[in-house]
Amino acid sequence: MTAGDRRPGSRFDDVADAAARAFDLLPSTPQDVRPPAGPGTRRPAHRVSTDPDTVERDLIKLVLTLVELLRQLMERQALQRVDAGDLTEEQEERLGATLMILHDRMVELCAQYDLSMQDLNLDLGPLGTLLPPAE
């Protein structure tokens, strides 16, 4: 059977199998990680910990984080366009109303999944946080 003869869903099965094999290669706990053999030896990646009970909430958190990032970027772009005088007064009003509605909807979605807007701000370690501090 060639790649063109496969049914469409089987490609997803192949990807799932490849991902399962890749995760099988990773250590499951820090105790399973062997110390590096020498100075040039790379350390293995840590296993992603997932909890089947919270996977839906975690996925929603990730999606809402991306939407909030895009919302803030659109808001900054809109402010730049307003400052540059690129928009008519009607466009400014419509844009402002749309951004306020989007922000309100984000707050509602966060409340629906028992999240706060601060929960969406991922800590990127030495890079700081993903989103700028709330004003």
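Calculation notes
Residues numbered from 1 in each chain as written. Predicted model: local features only at pLDDT ≥ 70, side-chain atom pairs only at ≥ 80, totals over all residues. Heavy atoms only, no water. Helix = DSSP H or I, 4+ residues; strand = E, 2+ residues; numbered from the N terminus. Buried < 20%, exposed > 50% of the residue type's maximum accessible area, 1.4 Å probe, protein only. Contact = heavy atoms within 4.5 Å. Areas by Shrake-Rupley, 256 points an atom, 1.4 Å probe, with all protein chains shown as cover. Core = buried A, V, L, I, M, F, W, Y, C linked by side-chain atoms within 4.5 Å. Patch = residues over 30% accessible without salt bridge, like charges linked within 9 Å, V, L, I, M, F, W, Y side chains within 5 Å. Salt bridge = Lys/Arg side-chain N within 4 Å of Asp/Glu carboxyl O.

**Let's talk about the overall build of the protein**
Part 1 of the argument: Counting its regular elements, the protein contains three helices and zero strands.
Part 2 of the argument: Reading the protein from its N end, one meets helices and strands in the order α-α-α.
Part 3 of the argument: Here the protein holds 135 residues, and 12% of them are scored as buried.
Part 4 of the argument: Expressed as a percentage of contacts within the protein between residues at least 6 apart in sequence, the contacts between residues at least 24 apart total 51%.
Part 5 of the argument: Carbon and sulfur atoms provide 58% of the accessible area of the protein, an area that totals close to 11,100 Å².

**Structural notes on the side chain of E68**
Part 1 of the argument: Mapped onto the elements, E68 comes out in helix 2 (residues 55-84).
Part 2 of the argument: Assessed through its relative accessible area of 3%, E68 is described here as buried.
Part 3 of the argument: The contacts of E68, once residues within four sequence positions are left out, are M106, M117, L120 and L131.

**With respect to the nonpolar core**
In summary, soluble globular proteins display a tendency toward joint burial of nonpolar side chains.
Part 1 of the argument: Judged by nonpolar contacts, L64, M106, C110, L115 and L120 together constitute the single largest core of five residues.
Part 2 of the argument: Not counting chain neighbours up to four residues away, the residues in contact with L115 comprise R57, I60, K61, L64, C110 and L120.

**Considerations on a nonpolar patch on the surface**
Part 1 of the argument: A cluster of nonpolar residues, L59, L62, V63, L66, V67, L122, L124 and L127, forms a patch on the protein surface that exposes about 700 Å² of accessible area.
Part 2 of the argument: Checked against the element boundaries, L122 lands in the segment after helix 3 (89-112).

**Side note on the environment of Q118**
Part 1 of the argument: The topology assignment puts Q118 in the segment after helix 3.
Part 2 of the argument: A relative accessible area of 57% means that Q118 is categorised as exposed.
Part 3 of the argument: Taking the C-alpha atoms as reference points, Q118 and L131, 13 residues apart in sequence, are found 9.2 Å from one another.

**Brief notes about the pattern of salt bridges**
Part 1 of the argument: Under the definition given, this model contains three salt bridges.
Part 2 of the argument: One salt bridge in this structure joins E68 and R71, with 2.8 Å as the shortest N-O distance. With E68 and R71 both in helix 2, this residue pair falls three residues apart, about one helical turn. When sorted by exposure, E68 lands in the same class as R71, which is buried.
Part 3 of the argument: Residue R71 is joined to E75 by a salt bridge in which the shortest nitrogen-to-oxygen separation is 2.8 Å. Placement of both R71 and E75 in helix 2 is noted, with a separation of four residues, approximately one turn of the helix.
Part 4 of the argument: Accessibility expressed as a relative area gives 32% for E75, which makes it partly exposed.
Part 5 of the argument: Overlapping salt bridges bring together E68, R71 and E75 as one network.

In short, the description is geometric, and any link to function would need to be established separately.
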